Amino acid sequence: MGCFSERISLFFNNRWLVFVAAMWIQSCAGIGYLFGSISPVIKSSLNYNQRQVARLGVAKDLGDSVGFLAGSLSEILPLWGAVLVGAIQNFVGYGWVWLVVTRRVPVLPLWAMCILIFIGTNGETYFNTAALVSCVQNFPKSRGPVVGILKGFAGLGGAILTQVYALMHSPDHASLIFMVAVGPTLVAIAVMFIIRPVGGHRQLRSSDGFSFSMIYSICLLLAAYLMGVMLVEDLVDLSHTVITIFTVILFVLLLIPITIPITLSFFRDPRSSLDEALLPETPKQEAGKSEEDEQEIIFSEVEDEKPKDMDLLPALERQKRIAQLQSRLAQAAAEGAVRIKKRRPHRGEDFTLMEALIKADLWLIFFSLLLGSGSGLTVIDNLGQMSQSLGYDNTHVFVSMISIWNFLGRIGGGYFSEKIVRDYAYPRPVAMAVAQLIMAVGHFIFAMGWPGEMYIGTLLVGLGYGAHWAIVPAAASELFGLKKFGALYNFLTLANPAGSLVFSGVIASSIYDREAEKQAQGRNHIHRSLLSSFSSYVHLEEPLKCEGAICFFLTSLIMSGLCIIAVILSMILVHRTKPVYAHLYGRSRR
């Protein structure tokens, strides 16, 4: 009995259990990618035009990216408390949107709908923060694969929830919004006490390689399965029983990773787990000493005080002399005779957000991410209208497909960027440049309107967009440290809504509405003056609809050009950070 209770304790304190639970909650943290499916319902129900839908999309992107509140609360509350706050926001925000769309409550003005979308989507930031913080602390030596897999499941969330929606077999498309409000809330509440740093055993273990290989295999199988199911459901009219079977198999695939912590906890010698042992706990701080005091003290005065011939001494003798000089300076500083200045961190060391903000590298990452991911998000937010304009009835298929490619892009981006830095000690941002080049080609294909453009375009843009969110967090942690990783990550995510605001909220929506108005004028043979056109727009007499490849032709060309600029910025970053990566990873290759 004692042995069984010990194994139960090992199971609930196993970091792989935390990782698997984080994967599950991340699969519900991608509800923002379903906006392309729910926006046509909102547009038709509330009689919006494309510009108003774009404003809702910007509100969604802001909610998905503004994680400062989530980061702050995570430092005050336990992680389960942060997850609970996110679940409540998700339920209230999207639940109220569903009530408005189905006319169960009075229709709200556009600004109020934007607030609801923001609140609902902002719940994702709590799920992201809890999952990333706990797993990066539990797997600090494998943060590239861990971040890639977790962010990958967030990208796959749209496809998973779409398949669950297909199971509901509801002719009312507004029920998708109801599912978005309820589904992630229930999953978050179910796993919120599991997601946490479990303390110790954070070093690499002999079993980690096999466990990660198994996770990668499940990820690829899951993506291939979802892609096959979506294509079959699009091409064949399936019965509800077959769709139910497909969905059950999906849930089985999602549950398979739980076998890893079960095997490690119940089918291995517990002594071997203990012998692989926990890392020693950090000693408790002495009373009156802050964390800053416990760090290594670096005296800038050493350079001023040391004799000029000290550098000519043998290495051991030089270190001994410097240590003696530091000791004398420390004593003088304690007596107030010397003022000690703190050295600013160099790239590869721990930065605060304020210290990082004055570094050109951070802004290169930010603007490259803004152009790359912002252009990809423009496609994701307008995918429903893009597919409708080309005559496709089932927009959910393309939303699911880009979600799957997004997932594979994140998994692949994390894996290949890790190979680049560990095998070649080459800067990780080069992988981001490759992803942006792939996106530029995808946007160009969207612009050309060739046969099958929706399938090829979603493939390329989805892969490139997803890769950003596996590469950027890992690169930021390498250049600016893990100590303030949450603040740095949440700052960089602001690139998403900033890009969406300009590219989708201004460029794409304006071009779409202009083309739609031209087509409406041509169909009705009405020559309106500028004043009457403006009046029609203000009073929103009817939603504007555009048909044909022309609707997003110019937008896609602009997005392709922006991705090329992003490639240039990424390569500048690669050139600047070569010495950093050579220092971080060059030694491990020797």
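The protein chain goes by Nodulin-like domain-containing protein in an unreviewed UniProt entry, where it is assigned to Buddleja alternifolia. Checking UniProt for the protein chain, the heading Sequence similarities (unreviewed entry) contains the comment "Belongs to the major facilitator superfamily. Phosphate:H(+) symporter (TC 2.A.1.9) family." The Subcellular location (unreviewed entry) field of the UniProt record for the protein chain holds the comment "Membrane".

**Regarding the overall build of the protein chain**
Of regular secondary structure, the protein chain possesses 25 helices and zero strands. Here the protein chain, with 590 residues, has 53% of them falling under the buried criterion. Taking as baseline every contact in the protein chain between residues at least 6 positions apart, the subset at least 24 positions apart corresponds to 84%. For the protein chain, the accessible surface area stands at approximately 26500 Å², while carbon and sulfur atoms represent 65% of it.

**Describing the state of the cysteines**
Each disulfide consists of one covalent bond between the sulfur atoms belonging to two cysteines. Following the criterion strictly, the structure yields one disulfide and no others. Cys546 shares a disulfide with Cys551; S-S distance 2.0 Å. One disulfide, between Cys546 and Cys551, carries an S-S torsion of -95 degrees and so falls in the left-handed class. The same class applies to Cys546 as to Cys551, namely buried.

**Overview of the nonpolar core**
Counting 151 residues, the largest nonpolar core has Phe19, Ile42, Leu56, Ile149, Leu226 and Leu492 as the members making the most contacts within it. The leading source of residues in this core is helix 18 (residues 360–389), at twelve residues.

**Looking at a nonpolar patch on the surface**
There is a patch of nonpolar side chains on the surface, built from Phe444, Trp450, Ile550, Phe553, Leu554 and Leu557 and spanning about 500 Å² of accessible area. Residue contributions to the nonpolar patch peak at three residues, all from helix 25 (residues 553–585). Checked against the element boundaries, Phe444 lands in helix 20 (residues 429–448). We classify Phe444 as partly exposed; its relative accessible area is 35%.

**Digging into the side chain of Asn382**
The residue Asn382 is located in helix 18 in this model. Residue classification places Asn382 among the buried residues on the basis of a relative accessible area of 3%. If near-sequence neighbours (up to four positions away) are discounted, Asn382 is found in contact with Gln50, Ser504, Ala508 and Phe552.

**Some points on empty space enclosed by the protein**
Here the structure, examined in full by the defined rule, presents four cavities of 30 Å³ or more. There is about 190 Å³ of room inside the largest cavity. If you go around the largest cavity, you meet 18 residues; those closest to its centre are Asp64, Asn128, Lys151, Tyr489 and Thr493. Among the elements of the structure, helix 4 (50–65), helix 7 (110–138), helix 8 (143–168), helix 21 (453–480) and helix 22 (485–492) are those that each provide at least two residues to the lining of the largest cavity. With four residues, helix 7 is the single largest residue contributor to the lining of the largest cavity. A class-by-class count of the residues in the lining of the largest cavity yields six nonpolar, eight polar and four charged.

**Focus on the side chain of Gln163**
Secondary-structure assignment places Gln163 in helix 8. The contact partners of Gln163, leaving out residues within four places of it in the chain, are Leu226, Val229, Met230, Glu233, Ile243, Phe246, Thr247 and Leu250.

**Quick look at the packing of helix 3 (residues 35–46) against helix 4**
Put simply, helix 3 and helix 4 touch, their axes get as near as 11 Å, and they point 135 degrees apart. One finds that helix 3 runs oblique with respect to helix 4. Where helix 3 crosses over helix 4, the handedness of that crossing is right-handed. In contact with Phe35, Ser39, Ile42 and Lys43 of helix 3, helix 4 contributes Gln50, Val53, Leu56, Gly57 and Lys60. Split by residue class, the contact of helix 3 with helix 4 holds four nonpolar, three polar and two charged.

**A short note on the packing of aromatic side chains**
Aromatic ring pairs are reported here in terms of the distance separating the ring centres and the angle at which the planes meet. Under the definition given, this model contains 21 aromatic pairs. Taken together, a centroid distance of 5.2 Å and an interplanar angle of 90 degrees make the contact between Phe351 and Phe480 edge-to-face. Taken together, the residues span a long stretch of sequence, with Phe351 in the loop between helix 16 (315–334) and helix 17 (353–357) and Phe480 in helix 21 at a distance of 129 residues. Of the two residues examined, Phe351 and Phe480, each falls in the buried class. In this structure an aromatic cluster arises from ring pairing among Trp16, Phe19, Phe139 and Phe212.

Rules behind the numbers
- Residues numbered from 1 in each chain as written.
- Predicted model: local features only at pLDDT ≥ 70, side-chain atom pairs only at ≥ 80, totals over all residues.
- Heavy atoms only, no water.
- UniProt positions renumbered as here; feature names shortened; annotations may be inferred.
- Helix = DSSP H or I, 4+ residues; strand = E, 2+ residues; numbered from the N terminus.
- Buried < 20%, exposed > 50% of the residue type's maximum accessible area, 1.4 Å probe, protein only.
- Contact = heavy atoms within 4.5 Å.
- Areas by Shrake-Rupley, 256 points an atom, 1.4 Å probe, with all protein chains shown as cover.
- Disulfide = S-S within 2.5 Å.
- Core = buried A, V, L, I, M, F, W, Y, C linked by side-chain atoms within 4.5 Å.
- Patch = residues over 30% accessible without salt bridge, like charges linked within 9 Å, V, L, I, M, F, W, Y side chains within 5 Å.
- Salt bridge = Lys/Arg side-chain N within 4 Å of Asp/Glu carboxyl O.
- 1 Å grid on protein atoms, 1.4 Å probe; cavity = no way out; pocket = protein on both sides within 12 Å on 5 of 7 lines; lining within 4 Å.
- Points joined across faces, edges and corners; volume = space filled by probe spheres on them.
- Nonpolar A, V, L, I, M, F, W, Y, C, P; charged D, E, K, R; others polar.
- Axes fitted to C-alpha atoms, helices over the stretch in contact; angles between N-to-C directions.
- Parallel < 35°, antiparallel > 145°, perpendicular 65-115°, else oblique.
- Left-handed = near helix turned anticlockwise from the far one by under 90°.
- Phe/Tyr/Trp six-rings, centres within 6.5 Å; stacked < 30°, edge-to-face > 60°.

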